[in-house]
Amino acid sequence: MTKPMTAFTTDLQHSGMPAKDLDETIKFYTEVLGFELAGLFYNGANRCAFLRYGHLTIETWEGDPAPGITGAINHWAFDTPDIEAAFANAKELGLNFKDTEIQHIDSFWDNGIRYFNVYGPNGETIEFCQIV
């Protein structure tokens with residue numbers, strides 16, 4: 001029996017936004033707005049920063065074009081403690097998958113991440129992410 005996807009998540013983990021200039025973005029969010037730089041990681045040749053203020057975490061990265069318009073958020077990510085169970089349930093629900101299998105980035109955080117993305121009804125990307 002399928003469950004709503006919140007049964008496989010614990011909270012909103014982060015929102016994702018490509019940066020026109022990552023260094024400028026980090027400086028603005030940390031020095032002007034007062035966010036904490038929670039992590040700076042490499043994903044291949046590109047860098048990815050996690051900026052945190054209270055409960056809000058913004059993932060911002062270089063290498064993808066920044067739209068430069070309202071609505072520039074790329075995705076919403078939910079904290080998922082059991083990525084396999086979440087993936088299986090999402091399949092049973094018949095969700096519209098962006099990824100056909102669970103993805104991973106080994107260079108993020110201490111031991112990497114495992115995640116998958118689905119599309120919402122407006123074409124928005126919704127990520128389910130397990131920090132390993």
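Everything numeric in this text was worked out from a predicted model, so none of it was measured. (Residues numbered from 1 in each chain as written. Predicted model: local features only at pLDDT ≥ 70, side-chain atom pairs only at ≥ 80, totals over all residues. Heavy atoms only, no water.)

Trainee: What am I meant to see in the packing of aromatic side chains here?
Mentor: When we look at a pair of aromatic rings, we describe it by the centre distance and by the angle of the planes. Scanning the entire structure with this criterion turns up 13 aromatic pairs. Residues F50 and W109 carry aromatic rings whose centres are separated by 5.0 Å and whose planes lie at 45° to one another, so their mutual orientation is tilted. Taken together, the residues F50 in strand β3 (residues 46-53) and W109 in the loop between β7 (103-105) and β8 (113-119) connect sequence positions 59 residues apart. Judged by relative accessible area, which is 22%, W109 ranks as partly exposed. Three or more aromatic residues link up through ring pairs in this structure, and these residues are F78, F87, F97, F116 and F128. (Phe/Tyr/Trp six-rings, centres within 6.5 Å; stacked < 30°, edge-to-face > 60°. Helix = DSSP H or I, 4+ residues; strand = E, 2+ residues; numbered from the N terminus. Buried < 20%, exposed > 50% of the residue type's maximum accessible area, 1.4 Å probe, protein only.)

Trainee: In this structure, what is going on with helix α2 (residues 83-93)? I would like to understand it.
Mentor: In an α-helix there are 3.6 residues to a turn, and that puts residues three or four apart on one side. Within α2, burial applies to I83, A86, F87, N89 and A90. Viewed along the axis of α2, the buried residues span an arc of 165°, placing them on a single side of the element. Every exposed residue of α2 that faces more than 90 degrees away from the buried side is listed here: K91 and E92. Elements in contact with the buried residues of α2: β6 (96-97), β8 and β9 (125-131). (Arc of directions from axis to C-beta. Contact = heavy atoms within 4.5 Å.)

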